[in-house]
Amino acid sequence: MTIDTTPGLEPASPAHASGSVFTSKSRVGAFFEAWPPLVLIALFWIGLIAVVVVGAKWIAPYDFMALDLRARLIPPVFMGGSWLHPLGTDELGRDVLSRLIVSIRISMVIAFLSTLIAAIVGVSLGFLAAYFRGRVEQVILMLIDAQAAMPFMIIALAVLAFLGSSLFLFTVLMGFYGWERIARISRGLAISANERGYATAVRDLGATPFRIYSRHILPNIASTLIVSLTLNFPEVILLESGLSFLGLGVQPPMTSLGNMVGYGRDYIQSAPWIMLAPSAAIVVTTLSISILGDWMRDKFDPTLD
Amino acid sequence: MSALLQVKDLKRHYEVHIPEGLFGRKASLKAVDGVSFAIEKGRTLGLVGESGCGKSTTAKLVLGLIPATAGTVEFAGTRVTARHDAQWRAMRRRMQMIYQDPLGALDRRLPVITQIAEPFEIHHPEMPAAERTERSALLMESVGLRPDMAMRYPHELSGGQRQRVVIARALALDPDLLVCDEPVSALDVSIQAQVLNLLDDLRERTGFAALFISHDLKVVRQMSDQVAVMYLGRIVESGLPEEVFRHPQHPYTKALVSAIPTPARRGKRERIVLEGDPPSPVDVPSGCSFHTRCPIAQASCRTVAPQLIESGGHAVACHLVNAGAAPAVQAAE
Amino acid sequence: MVQYLLMKIFRALVTVTLIVSAAFVVLRLSGDPAIIILGPEAPPEAFEAFRRNWGLDQPIWVQYFKYFAAVFQGDLGNSMRDGRSALVVVGERIPLTLAITLPALFIKLAIGLPAGVMAALYRNTWVDRLIMMLSVAGFTVPSFVLGLVLAMIFAVWLGWLPSGGSDTWAHAVLPTVTMGLVGAAVIARFTRSAMLEVLGQPYIRTASAKGLLWRDVVRSHALPNAAIPTLTIIGFLVGSLVAGAVVVESVFSWPGVGRLLVNAVANRDLAVVQVILLLVGLTMVGANLAVDILYGIVDPRLRIKRLQAGS
Ligand SMILES: Nc1ncnc2c1ncn2[C@@H]1O[C@H](COP(=O)(O)OP(=O)(O)OP(=O)(O)O)[C@@H](O)[C@H]1O
Ligand code: SF4
Ligand SMILES: [Mg+2]
């Protein structure tokens, strides 16, 4: 992406066009070239979310389950409410901001753990396929195709129906989202790494396959994997919030972003903020991570799709 | 005393697909087609030949990196197989390889000292980290790398320095056999001599045996105690370097030797120019595989394959030489 | 070509087998199939008959084959809710789902295809940026949020449309539009990259270098070739109509298969879930197969050949 230089900022006279002015301006330009403003905003938001996730306990002004029946359906501060409840309260007088903070924490932790599981499953299967080739590879590729052919939403719903929902099971289930893409990428990368000399050379030193894959191939393909995991992350957030919205994911009294929206939809008329606050959190967060992921992909790995 | 490395009638055929006609056809590419040689402990065998004659394939077969189609490799009395099991891995301690492309052989994400220490980690996991580091530093020193290069990454070194890293890593465990597949051909001419001298020194100091592969006769001559000349997957001549290069018997070796531009020899000997390219190893000519380019080929060369026949430590696979002309020459020496 | 088709059909069959097997495995994992299929309140003689019928006393692989046989005979058990055949319960809802998903598919294509083509043709201009920004938004705004926001605007504030139910055609508008917009983003992004890929091909540059009008090059060479990868994603969307409807139907209380599925999952009405699972699997496999067959018909290599022969 190129940053246009505004003509109005051109040096007015040759005297002003001294080296220092020119370089300082192009340095700013170079900075924004390297870090587009959108990416900076996205990074800022992700940082904020990270702080919220880590410090939810201390940041949340109220207990997220605390009822206050005298303070029911108070609007947020910018809709005529007060600073006591910056984002208002819900039907039971629970503080929306506190609930939002806790929800963000739970949604993010689930998304993070799930992506981690997807990474482990995907990388392991991808490496197994690359290592064994032949029949093992065929079976893994078939699994990948089958998974890719079935909308994950349906699979998730079926599993939830058959096995019931618990936070643990739900997280593991979300962890199966996207494994097939990661497996496919890892397999391809590992096969091409194997064809490169360094993997063969280490094998010829007498290294075990485990060592070759974990010490040499994995670090060499890590940047590409991290980019694709970053792109997987927002999709897991969307899936999790969708299922929780339907009441099939995170169960009350626990709360997640999707739960909050699902609860808030009943007050869409009387107290739309209950639903809008978590909705905005979902959208801005997924958008930020997508922007970051796209940017990283363009920057580090133009081959990945 | 049996040799350290004993190679018998080694063959490696690749199945290849030839785009021909409607569906193409399958054919067998004879990369290595019946090679036998032996290397004594601490000795170096030089292997020369044109590009594509099967040198690298021979190297990989010797180390058991790829399975042989036929024939055997015995290392210190043990069969070398290409099944990459624990025994195979343990054997790596005693046989190592140096590659043509040192950058490709190194992991670009690890500092070179870590890579030099890797053989210790693999084969002596019990070795304390301090000792590992110390021995790696010693290795670096012995291959002429400065201590400040230890934490550099492969791309931060020159080609010659990288090859030194590869050499240090290969020698970490004091192997008995080192296979060097064109170790200097990717390097700048000015650095080639340095690396060769280093290898020579190290060999003198540690006493490893070597299979030294190159298409450069001068290099092979400098490095080897014995040489073998390969053509289309077979050895056509072998013997002591002085013998083979000063008095080449096989027409192919003669052509190779005559192509070396040496001031001393200029004018003395006609340069023999081989006609055409080497034939494809898929359609190896019948009889003597060299007959399509041999300047003195006879009718029988086309039908009967010559055997590699030794006389006085100098072996040649050519009907004409073995028919009697050669012994006369040798007798005169 | 015949070999190609047979291969594809074979793969489709393998996938169907996998799906049915997966259903079998999960079913076994989740407890006594008799209780699951018949419901806990079924009379004991029904249990008896069921066990004998499905041979639950037999080895697991025999059960496995019997399960297959039952599935292919449409013997999929009864809904726990009202005891009717699960197949019938699901079947009734299919028309309602199609009533919103088919128009939504039309919207997806009507917006997504031209937007993607425009973005590619005007690459790196504001047109491209705007379209891509909207497309990214379509990717990151969950459909339930979009649905609720649309409901808030058009139902709550403006009062133009109902926010839930299925009594009149007006009830179908919001769910259809919601699904259409989200899908359009997917199609636009895909079409754009397919188009860009094709526009970068040598034969396109050759054609335009030969002095053909750019418009004609785009119309007769670029578009047909870009259509081929785009087919895949359309196939996926057709196959996942039900999946896409799950959330949106729930947002707007539209009583289609998607909402049925959510309710069935909540009530653990496993027979119904199983039928929907198989239904989705079969449509998915069918759509993929259709795309593969279309692929065979509009083989890109044939097109390129024709292009070269014609010029
Ligand atoms: N994996 C393979 N599959 C098919 N053919 C191969 C394979 N590896 C090598 N060959 C063929 O075997 C023959 C010998 O190859 P090899 O690499 O041993 O030659 P070389 O003597 O080392 O040549 P160079 O001096 O160019 O390195 C060549 O014709 C090559 O094309
Ligand atoms: S055998 Fe015949 S063809 Fe072969 S090298 Fe000798 S003379 Fe030439
Ligand atoms: Mg070679």
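Residues numbered from 1 in each chain as written. Chains lettered and ligands numbered in written order. Predicted model: local features only at pLDDT ≥ 70, side-chain atom pairs only at ≥ 80, totals over all residues. Heavy atoms only, no water.

> Could you give me a rundown of the overall build of chain A, with the residues and numbers involved?
Helix and strand content of chain A: 11 helices and 0 strands. Overall, chain A shows an N-to-C arrangement of helices and strands of α-α-α-α-α-α-α-α-α-α-α. Buried residues in chain A amount to 51% of all 305 residues. Across chain A, contacts joining residues at least 24 apart in sequence account for 69% of those joining residues at least 6 apart. (Helix = DSSP H or I, 4+ residues; strand = E, 2+ residues; numbered from the N terminus. Buried < 20%, exposed > 50% of the residue type's maximum accessible area, 1.4 Å probe, protein only. Contact = heavy atoms within 4.5 Å.)

> Hey, could you go over the site of ligand 1 for me, with residue numbers and the actual values?
Residue and element names in this part refer to chain B. Ser51, Gly52, Lys55, Ser56 and Thr57 are the nearest of the 13 residues found near ligand 1. Taken by itself ligand 1 offers 630 Å² of open surface, and the protein chains cover 64% of this. If you tally residues by element for the shell around ligand 1, the top one is helix α1 (residues 55–63), at 3 residues. Of the residues assigned to the shell around ligand 1, the class counts are 5 nonpolar, 5 polar and 3 charged. (Near = heavy atom within 4 Å. Areas by Shrake-Rupley, 256 points an atom, 1.4 Å probe, with all protein chains shown as cover. Nonpolar A, V, L, I, M, F, W, Y, C, P; charged D, E, K, R; others polar.)

> Let's hear about the side chain of Glu121 of chain B: which residues, and what values?
Inspection of the secondary structure assignment puts Glu121 of chain B in helix α4 (residues 112–123). Only 2.9 Å separates the side chain of Glu121 of chain B from the side chain of Arg215 of chain A, close enough to count as a polar contact. Discounting chain neighbours no more than four positions away, the residues touching Glu121 of chain B are Arg211 and Arg215 of chain A together with Arg132 of chain B. (Polar contact = N/O pair within 3.5 Å; in protein donor to acceptor, adjacent residues only side chain to side chain.)

> So what's going on with the interface of chain B and chain A? Residues and values would help.
Across the boundary between the two partners, chain B contributes 21 residues, which contact 19 residues of chain A. Carbon and sulfur atoms make up 48% of the surface buried where chain B meets chain A, a total of about 1800 Å² over both sides. Measuring nitrogen to oxygen at the nearest pair gives 2.9 Å for the salt bridge that ties Glu121 of chain B to Arg215 of chain A. The set of elements that each furnish at least two residues to the side of chain B that touches chain A consists of α2 (86–91), α3 (102–105) and α4 of chain B. Of all the elements, α4 of chain B adds the most residues to the side of chain B that touches chain A, at 6 residues. Residue classes in the side of chain B that touches chain A are distributed as 8 nonpolar, 5 polar and 8 charged. (Buried area = accessible area lost by both parts, 1.4 Å probe. Salt bridge = Lys/Arg side-chain N within 4 Å of Asp/Glu carboxyl O.)

> Pulling in residues and values, what's your account of the sheet that holds strand β6 (residues 95–98) of chain B?
Residue and element names in this part refer to chain B. In spatial order, the strands read β6-β7-β8-β3-β9-β10-β12-β11; together these 8 strands make up an open sheet with mixed pairing. Every interior strand has two partners, whereas the edge strands, β6 and β11 (309–311), have only one. Between one strand and the next, the sheet's axes are offset by a mean angle of 20 degrees, whatever the strand orientation. Sheet analysis places strand β3 (residues 44–48) next to strand β8 (residues 209–213), joined by 4 bridges and oriented parallel. What sits directly across from Gly46, in β8, is Phe212. Lying on the sheet, helix α6 (residues 159–171) is in contact with β6 and β7 (177–181); it crosses β6 at an angle near 175 degrees. (Pairing = 2+ DSSP bridges. Axes fitted to C-alpha atoms, helices over the stretch in contact; angles between N-to-C directions.)

> Lay out a nonpolar patch on the surface with the relevant residues and their values.
Residue and element names in this part refer to chain A. Taken together, the side chains of Val28, Phe31, Phe32, Trp35 and Leu43 define a hydrophobic patch exposed on the protein surface, amounting to about 420 Å² of accessible area. Broken down by element, the residue count for the nonpolar patch peaks at 3 residues, all from helix α1 (residues 19–34). Position of Phe31 relative to the elements: it lies in helix α1. Residue Phe31 is classed as partly exposed on the basis of its relative accessible area of 41%. (Patch = residues over 30% accessible without salt bridge, like charges linked within 9 Å, V, L, I, M, F, W, Y side chains within 5 Å.)

> Tell me about the site of ligand 2, residues and numbers included.
In the vicinity of ligand 2 there are 13 residues, among which Cys288, Cys294, Cys301, Cys318 and His319 of chain B approach most closely. Looking at side-chain class alone, the shell around ligand 2 contains 10 nonpolar, 3 polar and no charged residues.

> For the nonpolar core, give the residues involved together with the corresponding values.
One broad trend across soluble globular proteins is that nonpolar side chains are buried collectively. Membership of the largest hydrophobic core comes to 109 residues, with the highest contact counts inside it found for Ile104, Met174 and Leu243 of chain A together with Ile276 of chain C. By size, the runner-up hydrophobic cluster in this structure holds 72 residues, among which are Ala201 of chain A together with Ile66, Ile98 and Tyr99 of chain B. (Core = buried A, V, L, I, M, F, W, Y, C linked by side-chain atoms within 4.5 Å.)

> Before we move on, can you summarise the packing of helix α5 (residues 86–121) of chain C against helix α13 (residues 270–297) of chain C with the specific residues and values?
All names here are of chain C. Between α5 and α13, the least distance of the axes is 9 Å, while the angle of their chain directions is 55 degrees. Between α5 and α13, the angle is such that the two are oblique. The crossing of α5 and α13 is right-handed. For the pair formed by α5 and α13, the contact residues are Ala86, Leu87, Val89, Val90 and Ile94 on the first element and Ala271, Val272, Val275, Ile276 and Leu279 on the second. Here the contact of α5 with α13 is built from residues that sort into 10 nonpolar, no polar and no charged. (Parallel < 35°, antiparallel > 145°, perpendicular 65-115°, else oblique. Left-handed = near helix turned anticlockwise from the far one by under 90°.)

> Help me get a handle on unusual backbone geometry, residues and values and all.
Trans peptide bonds make up the majority, and among non-glycine residues the majority have a negative phi. Pro253 of chain A follows Pro252 of chain A through a cis peptide bond whose omega is 10 degrees. Structurally, Pro253 of chain A can be placed in the loop between α9 (209–245) and α10 (257–264). Positive phi, close to 45 degrees, is recorded for Glu182 of chain B, a residue that is not glycine.

> Which residues make up the pairing of β6 of chain B, and what are the values?
Residue and element names in this part refer to chain B. Side chains Met95 and Met97 project from β6 onto one buried face, and the interleaved Gln96 and Ile98 project onto a second face that is buried too. Examined bridge by bridge, β6 and β7 share 4 bridges and lie parallel to one another. Residue pairing across strands places Met97 opposite Val179, the latter belonging to β7.

> Give me the environment of Gly313 of chain B: which residues, what numbers.
Residues and elements named next belong to chain B. Assignment of secondary structure puts Gly313 in the loop between β11 and β12 (314–316). Owing to a relative accessible area of 37%, Gly313 belongs among the partly exposed residues under this scheme. Separated by 70 residues in sequence, Gly313 and Glu243 place their C-alpha atoms 9.2 Å apart. Excluding its chain neighbours within four sequence positions, the residues that come into contact with Gly313 are Ser238, Gly239 and Leu240.

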